[in-house]
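# Residue-level structure breakdown
The lines below spell out each chain.
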2 protein chains.
Amino acid sequence: MEKHEDVLKLLMEALQEHITPTEVKEDTYDIPVGVSNRHIHLSKEDLNHLFGEGYQMSKLKDLSQPGQYACKETVTICGPKGAIEKVRILGPVRSKTQVEILEGDFYKLGKVTEPRLSGDLQGTPGITLVGPKGSVQTKEGLIVAQRHIHMTPEDAKRFDVHDGQVVSIEIKGPRGGIYKNVAVRANDSSLLECHIDIEEANAMNVNSLTKIKLIK
Amino acid sequence: MEKHEDVLKLLMEALQEHITPTEVKEDTYDIPVGVSNRHIHLSKEDLNHLFGEGYQMSKLKDLSQPGQYACKETVTICGPKGAIEKVRILGPVRSKTQVEILEGDFYKLGKVTEPRLSGDLQGTPGITLVGPKGSVQTKEGLIVAQRHIHMTPEDAKRFDVHDGQVVSIEIKGPRGGIYKNVAVRANDSSLLECHIDIEEANAMNVNSLTKIKLIK
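Residues numbered from 1 in each chain as written. Chains lettered and ligands numbered in written order. Predicted model: local features only at pLDDT ≥ 70, side-chain atom pairs only at ≥ 80, totals over all residues. Heavy atoms only, no water.

### Quick look at the overall build of chain A
Rules: Numbered from the N terminus, helices here are DSSP runs of H or I no shorter than four residues, and strands are runs of E no shorter than two. Each residue is assigned to one of three classes by its accessible area relative to the maximum for its type, calculated with a 1.4 Å probe on protein chains only: buried under 20%, partly exposed between the two thresholds, exposed over 50%. Residues are treated as being in contact if the distance between any of their heavy atoms lies within 4.5 Å. Areas reported here follow the Shrake-Rupley algorithm with a probe of radius 1.4 Å; residue values treat only the protein chains shown as occluding.
Secondary structure summary: chain A contains 5 helices and 15 strands in total. For chain A, with 216 residues in total, the buried portion stands at 49%. The contacts of chain A with a sequence gap of at least 6 include a subset with a gap of at least 24, amounting to 67%. In the structure as shown, chain A presents an accessible area of about 10,900 Å², 52% of it carried by carbon and sulfur atoms.

### Quick word on the packing of aromatic side chains
All names here are of chain B. Inclusion rule: In summary, the pairing rule links any two rings of Phe, Tyr or Trp, Trp by its six-membered ring, whose centres are within 6.5 Å, and it sorts them by plane angle into stacked for under 30 degrees, edge-to-face for over 60 and tilted for everything else. Each ring is checked for a lysine NZ or an arginine CZ that lies within 6 Å of its centre and within 35 degrees of its normal; such an atom marks a charge sitting over the ring.
Per the stated rule, a full pass over the model turns up 2 aromatic pairs over all chains. Note on Phe-51 and Tyr-55: the rings are 5.1 Å apart at their centroids and 25° apart in plane angle, and the pair reads as stacked. Across from the ring centre of Phe-159, 4.5 Å away, lies the NZ or CZ of Arg-158, which sits over that ring.

### Here we look at helix 2 (residues 44-51) of chain B
Among all positions of helix 2 of chain B, only B:Asp46, B:Leu47, B:Asn48, B:Leu50 and B:Phe51 are buried. Packing partners of the buried residues in helix 2 of chain B comprise strand 2 (39-43), strand 4 (69-78), strand 5 (83-94), strand 8 (128-130) and strand 9 (135-137) of chain B.

### Description of the pattern of salt bridges
Short version of the rule: Salt bridge criterion: a side-chain nitrogen from Lys or Arg within 4 Å of a carboxyl oxygen from Asp or Glu.
One pass over the full model with this rule turns up 26 salt bridges over all chains. Across the pair B:Arg175 and A:Asp197 runs a salt bridge, and its minimum N-O distance is 3.0 Å. Here the residue B:Arg175 occupies a position in the loop between strand 12 (166-171) and strand 13 (177-186), and A:Asp197 occupies one in strand 14 (residues 193-197), the pair thus bridging two chains. In this structure, B:Arg175 and A:Asp197 share a single accessibility class: buried. Linking B:Asp105 and B:Lys108 is a salt bridge whose minimum nitrogen-to-oxygen distance equals 3.5 Å.

### Details of the domain arrangement of chain A
Many analyses report the size of an interface as the accessible area lost when the parts associate. All names here are of chain A. Test applied: Each domain's extent is set by a domain assignment, obtained either automatically or from a database. Simply put, the buried area is the total loss of 1.4 Å probe accessible area from both parts when two parts are fitted together. As used in this structure description, the phrase polar contact means that two N or O atoms lie within 3.5 Å; if the pair is within protein, one of them must be able to donate a hydrogen and the other to accept it, and residues adjacent in sequence are counted only when both atoms belong to side chains.
Along its sequence, chain A is organised into domain 1 (37-144) and domain 2 (147-215). Look at where the C-alpha atoms of domain 1 and domain 2 centre, and you get two points 24 Å apart. Taken together, the contact pairs 10 residues of domain 1 with 12 residues of domain 2. Together, the buried faces of domain 1 and domain 2 total about 890 Å²; carbon and sulfur atoms form 54% of this surface. Together, Gln-65, Leu-102 and Leu-117 form the three largest contributors to the area buried by domain 1 at its contact with domain 2, with a combined 52%. Linking domain 1 with domain 2 are 4 residue pairs in polar contact (both at pLDDT 80 or more), by the criterion used here.

### Points about unusual backbone geometry
Here the bond from A:Gly91 into A:Pro92 is cis, since omega is 0°, no more than 30 degrees from zero. Considering the arrangement of structural elements, one finds A:Pro92 in strand 5 (residues 83-94).

### Points about the confidence of the model for chain A
All names here are of chain A. Cut-off, in case you're wondering: The predictor attaches a confidence to each residue, and that confidence, scored 0 to 100, is pLDDT.
Counting all residues, the mean pLDDT for chain A is 91, and 88% of those residues have values of 70 or more. Counting contacts from residues 18-24, a segment whose pLDDT is below 50, to residues more than four positions away or on other chains yields 10 contacts. Here the predicted complex carries an ipTM of 0.83, next to a pTM of 0.85.

### Here's the deal with the environment of A:Pro66
Residues and elements named next belong to chain A. Here Pro-66 shows up in the loop between strand 3 (59-62) and strand 4 (69-78). Sequence spacing of Pro-66 and Leu-191 is 125 residues, and the spatial spacing of their C-alpha atoms is 7.3 Å. Pro-66 has contacts with Ser-189, Ser-190 and Leu-191, leaving out every residue within four places of it along the chain.

### Observations regarding helix 2 (residues 44-51) of chain A
Buried positions along helix 2 of chain A lie against strand 2 (39-43), strand 4, strand 5, strand 8 (128-130) and strand 9 (135-137) of chain A. Immediately downstream of helix 2 of chain A, the backbone of A:Gly52 shows phi near 105°, a positive value.

### So, the pairing of strand 4 of chain A
Residue and element names in this part refer to chain A. As a reminder of what qualifies: Two strands form a pair only when DSSP identifies at least two bridges running between them.
Pairing between strand 3 and strand 4: 3 bridges, direction antiparallel. Following the sheet pairing, Lys-61 is matched in strand 4 by Ala-70. A loop of 6 residues connects strand 3 with strand 4, the two strands running antiparallel in sequence, and Gly-67 in this loop sits at a positive phi of about 85°. Sheet analysis places strand 4 next to strand 5, joined by 6 bridges and oriented antiparallel. When the bridges of strand 5 are listed, Ile-77 appears paired with Ile-84.

### Description of the environment of B:Ile127
Assignment of secondary structure puts B:Ile127 in the loop between strand 7 (115-116) and strand 8. In this structure, B:Ile127 is in contact with B:Ile77, B:Cys78, B:Gly79, B:Val99, B:Leu109, B:Lys111, B:Val136, B:Gln137, B:Thr138 and B:Leu142, ignoring residues within four places of it in sequence.

### Comments concerning the side chain of A:Thr210
Inspection of the secondary structure puts A:Thr210 in the loop between helix 5 (198-203) and strand 15 (211-215). Polar side-chain contacts of A:Thr210 include one of 2.8 Å to the backbone nitrogen of A:Asn207.

### Quick word on the pairing of strand 11 (residues 148-151) of chain A
All names here are of chain A. Side chains of strand 11 alternate between two faces, with His-148 and His-150 and Ile-149 and Met-151 buried alike. Looking at chain direction, strand 11 and strand 13 (residues 177-186) are connected through 4 bridges and run parallel. Each residue of the ladder has a partner; that of His-148, found in strand 13, is Ala-183. Relative to strand 14, strand 11 is paired through 3 bridges, and the arrangement is antiparallel. For His-150, the partnering residue across the bridge sits in strand 14 and is Glu-193.

### Regarding the side chain of A:His148
Residue and element names in this part refer to chain A. Locating His-148 in the fold gives a position in strand 11. Of note is the side chain of His-148, whose polar atom sits 2.8 Å from the backbone oxygen of Gln-146. Filtering out sequence-adjacent residues up to four positions away, His-148 remains in contact with Leu-117, Val-182, Ala-183, Arg-185, Glu-193, Cys-194 and His-195.

### Quick word on the environment of B:Lys72
Residue and element names in this part refer to chain B. Structurally, Lys-72 can be placed in strand 4. Owing to a relative accessible area of 54%, Lys-72 belongs among the exposed residues under this scheme. Taking the C-alpha atoms as reference, Lys-72 lies 7.6 Å from Ile-89; in sequence the two are 17 residues apart. Those residues within four positions of Lys-72 in sequence are excluded, and the remaining contacts are Ser-58, Lys-59, Leu-60 and Arg-88.

What follows is the structure in structure tokens.
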């Protein structure tokens with residue numbers, strides 16, 4: 001009898017592990033998606049080199065994350081193999097220049113980099129930027145953006161996740177699937193939105209109306 | 001005592017359902033990947049219109065699937081919004097012309113289509129093709145290829161799947177994840193290979209050395 005109960009207890013524990021949903025809820029396809037094309041964040045210094053001393057960028061439109069905006073200005077990025085023109089600058093200026101390209105841009109530029117979170121630039125390759133008033137050879141800062149979810153601390157509580165946690169996202173539809181290695185970025189200056197790039201969006205047929213599900 | 005055993009039995013069954021791997025085996029990342037760019041299969045009739053009566057295509061290189069090859073010839077495809085030049089023709093000719101584009105090409109062409117398997121063209125939109133000797137307005141055949149796995153009937157037996165079954169594939173790595181809705185195409189004229197397009201490959205950082213895992 002006691003033995004049975006021991007087995008039962010072990011089984012209950014094992015079973016619990018398997019039936020406890022790792023997903024938040026079945027119907028929580030409620031995270032909006034923002035799809036990024038290749039783009040650049042410039043330091044004040046590099047902005048001066050590319051556009052002239054004291055140049056002020058012009059806002060084209062606000063982005064969904066508070067305080068972030070697309071600029072009217074674009075630059076050309078050049079690698080050893082080729083160049084990509086009209087790469088959009090996003091404002092405001094940052095402490096370091098950061099160039100976020102698509103995986104497919106490797107072939108055009110002849111430069112390989114890796115998925116990194118915004119700001120995590122150490123050891124990444126540099127690239128040449130060309131603007132109307134000059135060019136800059138950056139020492140680092142060329143990345144493919146790691147997919148991530150911006151959220152407020154309240155959202156994080158609701159999803160039972162924390163800033164920096166790595167989760168997965170599920171996407172429905174005829175090209176649906178699961179992306180792993182999605183970083184949670186929870187802070188007071190964020191709005192709930194999952195950021196993926198154009199290739200990630202196209203591969204799973206995601207558009208601006210798509211809602212995704214967070215999976216732990 | 002009997003009641004305990006009943007509970008135990010039910011638990012064992014429930015547990016079994018959860019611990020029985022739906023995956024073939026933990027280490028079966030053994031399916032090679034073929035990555036496709038946009039391409040065209042031409043009917044004999046359309047080939048004649050585009051390149052001249054009786055024209056014979058020139059082989060550029062063999063593809064991995066037996067009898068299939070890339071041709072030296074390319075065509076331009078044109079939608080209401082724009083054109084894409086140098087789209088590779090694959091041989092040999094087929095009974096129907098089929099144009100396989102990338103999801104991202106929708107924006108360039110101004111034409112929307114859906115994921116379809118090769119040959120399943122009914123109800124798909126047409127597109128304009130331009131060659132050196134003429135142009136063709138196709139009535140249907142514009143698709144985004146549904147991801148699929150070619151295999152022999154022996155492979156199908158090994159994976160315990162059948163021709164036409166829809167499975168998932170898992171990809172490892174920093175951009176890893178799972179693609180659902182992958183069709184099994186099992187027949188004697190196939191070689192084991194999973195076909196995805198460039199956007200699907202880039203989104204999960206897949207290259208020609210990547211091996212993927214089949215998940216049911």
